[in-house]
Amino acid sequence: QVQLVESGGGLVQAGGSLRLSCAASGNIFSTNAMGWFRQAPGKERELVATITRGGTTNYADSVKGRFTISRDTVKNTVYLQMNSLKPEDTAVYYCNADRSISTSGGRFWGQGTQVTVSS
């Protein structure tokens, strides 16, 4: 099992920045891939960004150039730096981990952290 604990959400004005963190514990051998998903009210959960232990990244088109995912393999922590935030980025953001992550996500999920972007 893997436990994921997120932090860093909050309220920010459009154009602002936030950084999310997700610390993994437990069976870290199951965390080759880590990433972030989000779910806005009335919408399906969607992939935001993923990163492998080797540093390969993948981003949703809607966040390319604005969001950066990074990883500290020693601390087993993944970060999501979100810049130039837009109201449409408002959602609950979930950390995800597994040996690999598809567009529907891997096995392990965090509890979610709310990000609200005001216009």
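Refer to the structure presented above.
One structure accompanies this document, and this report is about it. Bear in mind that the values here come from a model prediction, so they are computed numbers and not experimental data.

Calculation notes
- Residues numbered from 1 in each chain as written.
- Predicted model: local features only at pLDDT ≥ 70, side-chain atom pairs only at ≥ 80, totals over all residues.
- Heavy atoms only, no water.
- Disulfide = S-S within 2.5 Å.
- Helix = DSSP H or I, 4+ residues; strand = E, 2+ residues; numbered from the N terminus.
- Buried < 20%, exposed > 50% of the residue type's maximum accessible area, 1.4 Å probe, protein only.
- Pairing = 2+ DSSP bridges.
- Axes fitted to C-alpha atoms, helices over the stretch in contact; angles between N-to-C directions.
- Salt bridge = Lys/Arg side-chain N within 4 Å of Asp/Glu carboxyl O.
- Phe/Tyr/Trp six-rings, centres within 6.5 Å; stacked < 30°, edge-to-face > 60°.
- Lys NZ or Arg CZ within 6 Å of the ring centre and 35° of its normal.

Focus: the state of the cysteines
What is meant by a disulfide is a covalent connection between two cysteines, made through their sulfur atoms.
Reasoning step 1: In the structure shown here, the tally under the stated rule is one disulfide.
Reasoning step 2: Residue Cys22 pairs covalently with Cys95 via a disulfide, S to S 2.0 Å. For the disulfide bridge between Cys22 and Cys95, the dihedral angle about the S-S bond is near -85°, and by the sign convention the bridge is left-handed. Of the two residues, Cys22 is situated in strand E3 (residues 18–26) and Cys95 in strand E9 (residues 91–98); the sequence distance between them amounts to 73 residues.
Reasoning step 3: For Cys95, a relative accessible area of 0% translates into the label buried.

Details of the sheet that holds E3
Reasoning step 1: The strand order E1-E3-E8-E7 describes an open sheet built from four strands, whose pairing is antiparallel. On the outer flanks of this sheet lie strand E1 (2–7) and strand E7 (67–72), each paired with one strand and no other. In this sheet, neighbouring strand axes are inclined to one another by 15° on average, regardless of whether the strands run parallel or antiparallel.
Reasoning step 2: Sheet analysis places E1 next to E3, joined by six bridges and oriented antiparallel. Looking across to E3, one finds that Val5 is bridged to Ala23.

Brief notes about the pattern of salt bridges
Reasoning step 1: Taken as a whole and assessed by the stated rule, the structure comprises five salt bridges.
Reasoning step 2: Across the pair Glu46 and Arg38 runs a salt bridge, and its minimum N-O distance is 2.7 Å.
Reasoning step 3: Classification of Glu46 as partly exposed rests on a relative accessible area of 36%.
Reasoning step 4: Its salt-bridge partner being Asp89, residue Arg38 comes within 2.9 Å of it at the nearest N-O pair. With Arg38 in strand E4 (residues 33–39) and Asp89 in the loop between strand E8 (77–82) and E9, this pair connects stretches of sequence that are 51 residues apart.
Reasoning step 5: Classification of Asp89 as buried rests on a relative accessible area of 1%.
Reasoning step 6: One salt-bridge network, in which partners are shared between bridges, spans Arg38, Glu46, Arg66 and Asp89.

Describing the packing of aromatic side chains
Reasoning step 1: Throughout the structure, instances matching the rule amount to two aromatic pairs.
Reasoning step 2: With centroids separated by 6.5 Å and ring planes inclined at 85°, the aromatic side chains of Tyr94 and Trp109 adopt a geometry described as edge-to-face. Of this pair, Tyr94 sits in strand E9 while Trp109 sits in strand E10 (residues 108–109), and the two are 15 residues apart along the sequence.
Reasoning step 3: You can call Tyr94 buried: its relative accessible area is 18%.
Reasoning step 4: Put simply, the rings of Phe37, Tyr94 and Trp109 touch in pairs and so form one group of aromatic residues.
Reasoning step 5: A cation sits over an aromatic face here: Arg45 above Tyr94, 5.7 Å from the ring centre.
Reasoning step 6: Above the face of the Trp109 ring, Arg45 is positioned so that its terminal group lies 3.8 Å from the ring centre.

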